[in-house]
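Here's the letter readout for the chains.
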Amino acid sequence: MKAIDVENLSRRFGKIEAVKEISFAIEEGEIFGFLGPNGAGKTTTINMLCTLLRPGGGSARVNGFDIVRQRSDVRRSIGLVFQQSTLDEQLSAEQNLRFHGYAYGVPAALREQRIHDLLTMVELYDRRQHKVRTFSGGMKRRLEIARGLLHLPRVLFLDEPTLGLDPQTRKHIWDYLHDLRQRENLTIFLTTHYMDEAENCGRIAVIDHGRIVAMDTPDGLKNAVGGDLVTFSTADAQAAAQFVREQYHVEPQIQDGQVRFHVTSGETFLPDFVREFPQRLLSVGLRRPTLEDVFLSLTGHEIRDSELDAKDLMRQHMQRWQR
């Protein structure tokens, strides 16, 4: 059985179509990621799949349960870590987790062991009896991740999971998540605009302006870009791009005054290019493609905050959702 199965899912906020008939499926035990800028439709999608927002069209099943007709079953089988904190700041870290365990019916012995293990994992065990209002933003984030894992969910949704965390804590959390997935066959669905975080995924769906524009493994996406990336700058970027287009039959891009294009076997290509180029080169570089290059190649722009913030639109229209 597929952990998540989505067909033509869509959602509008007024005149804005935030998610545009997207379809994808996620296997049990897979780490699957949505990569895209803020406003691309990532959070709107995750909120529909978690039954926090009613779809405008299409259908989806999570753990075999329909997200509209079987909302309670969906909610019992998933864990969710939001972008914004939902902790009770007047309770201690331990009390927040214990209350969550009560709500999900976790047996007492397992609940207390999970609280110990998870607080240790996120390096908050020594602060377990301190009120959350005394925690830093990073500490609150780590506690929310621990809470999302407490009831042993079959699918864990992570919306920008390590936002605000230092690199060491981010790595520690991902080491634990990888181990947890292997031991418990946990399915993980994350949204991110961090390129390095997306590398943790088995597959990535690149989403932009509400549409999925590509979906593959990280290596598959990078290989599809077309080889090594050559970047260079000259006094006249437009003329330089035209030379590349005519001479090498590739379509270059100009970004921040630099000309960029992809070639196979970049190390053998570059010496001849430098000798043949008719203008004075101010700089030249060569590297293997990254996920950032993939996004730029697919969308024509870098991952960045968009003018449309789908999360704000969702909040404005949540009152329209009739339960």
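Coordinates for the structure precede this section.
Report on the accompanying structure. (Residues numbered from 1 in each chain as written. Predicted model: local features only at pLDDT ≥ 70, side-chain atom pairs only at ≥ 80, totals over all residues. Heavy atoms only, no water.)

### With respect to the nonpolar core
Reasoning step 1: With 43 residues, the main nonpolar core has Leu143, Leu149, Leu177, Ile204 and Leu291 as its most contacted residues.
Reasoning step 2: In contact with leucine 143, other than residues within four places in its own chain, are Leu87, Ala93, Leu97, Leu119, Leu124, Val132 and Phe135.
Reasoning step 3: Counting 29 residues, the second-largest nonpolar core is a separate cluster that includes Val19, Phe34, Ile46 and Val62. (Core = buried A, V, L, I, M, F, W, Y, C linked by side-chain atoms within 4.5 Å. Buried < 20%, exposed > 50% of the residue type's maximum accessible area, 1.4 Å probe, protein only. Contact = heavy atoms within 4.5 Å.)

### A few points about the sheet that holds strand S1 (residues 2–13)
Reasoning step 1: If you walk across this open sheet you meet the four strands as S2-S1-S4-S5, and the pairing is antiparallel. Each edge of the open sheet carries a strand with a single partner, namely strand S2 (16–27) and strand S5 (65–66).
Reasoning step 2: With eight bridges joining them, S1 and S2 adopt antiparallel strand pairing. Paired with isoleucine 4 across the strands is isoleucine 26, a residue of S2.
Reasoning step 3: The sheet strands contacting helix H1 (residues 42–49) are S1, S2 and strand S4 (57–62), and the helix crosses S1 at an angle near 120°. (Pairing = 2+ DSSP bridges. Helix = DSSP H or I, 4+ residues; strand = E, 2+ residues; numbered from the N terminus. Axes fitted to C-alpha atoms, helices over the stretch in contact; angles between N-to-C directions.)

### Thoughts on the pairing of strand S7 (residues 155–159)
Reasoning step 1: Counting buried positions along S7 gives five out of five residues, so the element sits mostly inside the fold.
Reasoning step 2: Across the two faces of S7 the burial is the same, with Val155, Phe157 and Asp159 and Leu156 and Leu158 all buried.
Reasoning step 3: Here strand S6 (residues 78–81) pairs with S7 via four bridges, running parallel. Bridging from a neighbouring strand, isoleucine 78 pairs with valine 155 of S7.
Reasoning step 4: Sheet analysis places S7 next to strand S8 (residues 187–192), joined by five bridges and oriented parallel. Counted as the bridge partner of valine 155 is threonine 187 from S8.

### Remarks on the sheet that holds strand S10 (residues 211–216)
Reasoning step 1: Read across the open sheet, the six strands follow the order S6-S7-S8-S3-S9-S10; overall the sheet is mixed. Of all the strands in the sheet, the pair left with one neighbour each is S6 and S10. Averaged over neighbouring strand pairs, the angle between their axes works out to 15° when direction is ignored.
Reasoning step 2: Its contacts with the sheet put helix H5 (residues 137–149) on S6 and S7, and the angle it makes with S6 is roughly 170°.
Reasoning step 3: Against the sheet, helix H6 (residues 167–184) makes contact with strand S3 (31–35), S7 and S8, and its axis sits at roughly 135° relative to S3, the strand it touches most.

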